[in-house]
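Analysis of the macromolecular model
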Amino acid sequence: MTRPSEDEIQRLRASEEKYRLMVQRANDAIFAIDPESAAILEVNPKAEEMTGFSAAELAKMKVWDLHPEDERELAAELFELVSTAGSGTRTLHFLTKKGATLAVDVSSSFIKSGTRTFIQRNCHDVTDRTRLEVEHMAQRDYYEFIFNMMPVGVGVRKNINNKPFIEFENRRLKEMFHGEDGEHHDESHAEWHRGGEAPPLPTKAILSEDGVYSEERTYPDGRVFQYTLNYYRNTDDSWSELQVVRDITHRKELENQLREAMEGLERKVEERTLELRRKQTQLVQSEKMAALGHLVAGVAHEINTPLGALKSNNDLLVRSMARLRSVIEESELSEVVKQDTRLTKVLDGIDSSTGVNQTAMERIVKLVRSLKKFARLDEAEQDEVDIREGLESTLLLVHHELKDRIEVHREYGDIPRIYCYPNQINQIFMNVIVNASQAIQGKGDIFIKTSTRDDNVVVEFRDTGKGISPENLERVFDPGFTTKGVGIGTGLGLSIVYQIIQDHHGDIELESSVGKGTTVRIILPISQGGKDARDRG
Amino acid sequence: MPGTEDKVTIVIVDDEDMVLTSLSSLLSLETEYDVKSYTSPKEALSYVRENDVDIVLSDYLMPEMDGISFLAQVREVRPEVPRIILTGYADKENAIKAINEVGLFQYIEKPWDNDDLLIILRNGIERKRLVSQLQEKIGQINAAYGDLQDMHKAILKTFV
């Protein structure tokens, strides 16, 4: 071994001095410890300051005596570790002479300096840091408490575009995905939050809208969650996602209930409106029938008086002529009259005139009788009637609509008398026949057929008219629906028919094909329904 | 009695002249009845009060007084006279009510048939005649019975 040069010695001395000064002035407590006995060999002033013991007092202590009872084991372990591995660190506490504790970061290393070996132990006072840490923890708890109080789910997912993990979930969010107890976070629960699908990456498209992404998601168990996701870029360039999740299942249910209730209401209003319109039609109808009754009664009386006089006078003329002829026959004028063609012409002319008068008046009499029968003034109450009679009087009344243009084919089958309001039934026939005649442009036919089916009488009207289109067929019973145009149809005809049939507990069948014609079948119960109708009336 | 049979008086009431004319002509052609026709029921009623009549025929609807009221008053004056109503009104219900209330002999609807009308009138008149005869016979019987009673008393007086 060569002796070190003066320079070298000089330099080493300076270095040692520098080191000694560093140790002396260090802001950490520095201990030199015997690696064999763990006894404290040397200390710097800071060590005396922090522990409260003097250098002399410390020189009598083992290294673990610096720490409270419960940390001595750890200190001993650290000592062992450094002895074998060469270095080690721990966060421990000093138990000061005054009995206080002081948090310190301990960093130990095995030092070999020439022949001398020792353990250098640096202890840094971390009281401030610990206090900050505690404060930080308290603040964290405070915010967590606030978040946990929130009725919405709040969570933070980190590193979403690489290996996402959940950094934070509040209590509500846990409840939403993990049940009431809030425990269990499985690997896929990040995806679970989003219904098992990969989360959208914070693309420009998403972020362009204030960095917020929103969607509603319905789960198989029926729950509906509304997601509001906020994205932000971390300093390390990874992306984080702030989730706000609302359970809107109940709100959705209420919305649905509300919608259904609204729809139900609308439907009800519609039904009621239709019902009211029907009732109104019915009222109009009965008013009309009553008015018609009065009218017919008045007209019949007004016609019957002069008609009675006419008829009687014509008959008188016939009688007078017969008397005149027999008077002539019995007198001597007999032959003279027979010879005089002018006179016989006058007499024959009178006879043929009275004959024509007779026929013409019979027709008026029949018409007035039909009018009376149609209105059934004397039978406004229910009665058992043969509806074929009603058909006939109705046909006579609508004769002017049909004559020359439409041929009526009667296919009357045997039917029993039915219990009904005869004037109303006649009204049905009138409306249906008039409809049929109006459907026929130019010449055509109407076939009227009566038959029985079960306990019902069926009256069928088949015309060769233009027919009804399928879309109109659905609406023909609606009050006010007409295709005939103003002045021709009231739009009430079939609606009235329907109403009357309903009152009689009957039914109506409609078949039609455009261009071929329409068949209307009116089905009326023979007895029971009619009697019920009276009870209702 | 044969004299009253020959002279049958019939009263006709209708507010329409044409009906009266028509009926009068028919009756004068076919019968020997003495026809009294009135457009006013009131005038007709005063005639009935003053004179014996055999039958009364009245219209139903008249502005001055309806046929039912008129015939009801005729019944009060002369209950034995058959009453007939002639109506153009198409209300059978009222007609039936009238028949029951006033006790009509017959109800005829306008326009009527002349043959039917003549038969009804003849029957009515016949009925009136029979009732009168019956009344007369009852009177005769009552008178005879009275005579008999008197005789009975006289006989008793004689013997007691």
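What you see is a predicted model, and the numbers here were worked out from it, not measured in a lab. (Residues numbered from 1 in each chain as written. Chains lettered and ligands numbered in written order. Predicted model: local features only at pLDDT ≥ 70, side-chain atom pairs only at ≥ 80, totals over all residues. Heavy atoms only, no water.)

1. Looking at the overall build of chain B
Each helix and strand in chain B was counted, giving 6 helices and 5 strands. Written out in order from the N terminus, the α and β elements of chain B read α-β-α-β-α-β-α-β-α-β-α. Evaluated residue by residue, chain B yields a buried proportion of 41% over its 160 residues. Of the contacts made within chain B by residues no fewer than 6 positions apart, 66% connect residues no fewer than 24 positions apart. Of the roughly 8900 Å² that chain B leaves accessible, carbon and sulfur atoms contribute 52%. (Helix = DSSP H or I, 4+ residues; strand = E, 2+ residues; numbered from the N terminus. Buried < 20%, exposed > 50% of the residue type's maximum accessible area, 1.4 Å probe, protein only. Contact = heavy atoms within 4.5 Å. Areas by Shrake-Rupley, 256 points an atom, 1.4 Å probe, with all protein chains shown as cover.)

2. Section: unusual backbone geometry
Negative phi values dominate among residues other than glycine, just as trans dominates among peptide bonds. The residue after B:Lys110, namely B:Pro111, is reached through a cis peptide bond having omega -5 degrees. By the element assignment, B:Pro111 lies in the loop between β5 (106-109) and α6 (114-159). Here the phi dihedral of A:Ala38 falls at roughly 70 degrees; this positive angle occurs in a residue that is not glycine. Looking at the secondary structure, you find A:Ala38 in the loop between β1 (29-33) and β2 (40-43). With a phi angle near 50 degrees, A:Asp454 is a residue other than glycine that sits in the positive phi range. As for its position among the elements, A:Asp454 is in the loop between β14 (444-453) and β15 (456-463).

3. Let's talk about the nonpolar core
Residue and element names in this part refer to chain A. Judged by nonpolar contacts, the single largest core of 36 residues is most densely connected at Ile387, Ile428, Phe429, Ile448, Phe461 and Ile522. Examining the composition of this core, we find that 7 residues originate from one element, helix α14 (residues 422-439), more than from any other. Apart from the residues lying within four places of it in its own chain, the contact partners of Ile428 are Val497, Ile500, Ile501 and Ile522. Phe53, Ala75, Leu78 and Cys123 belong to the second largest nonpolar core, which has 24 residues in total. (Core = buried A, V, L, I, M, F, W, Y, C linked by side-chain atoms within 4.5 Å.)

4. A short note on α6(B)
All names here are of chain B. Here α6 is 46 residues long and its end C-alpha atoms lie 67 Å apart, about the 68 Å a rise of 1.5 Å per residue gives. Those residues of α6 not exposed but buried are Asn114, Leu117, Leu118, Ile120, Leu121, Gly124, Ile125 and Lys128. Capping the start of α6 is the job of one residue whose side-chain oxygen sits 3.2 Å from the backbone nitrogen of Asp115: Asp113. (Expected span 1.5 Å × (residues − 1). Polar contact = N/O pair within 3.5 Å; in protein donor to acceptor, adjacent residues only side chain to side chain.)

5. Some thoughts on the interface of chain B and chain A
Taken together, the contact between chain B and chain A spans 21 residues of the former and 21 residues of the latter. For the pair chain B and chain A, the summed buried area comes to about 1900 Å², and 56% of that belongs to carbon and sulfur atoms. Run the count over chain B and chain A and you get 3 salt bridges. Between B:Glu30 and A:Arg323 there is a salt bridge, and its shortest N-O distance comes to 3.4 Å. (Buried area = accessible area lost by both parts, 1.4 Å probe. Salt bridge = Lys/Arg side-chain N within 4 Å of Asp/Glu carboxyl O.)

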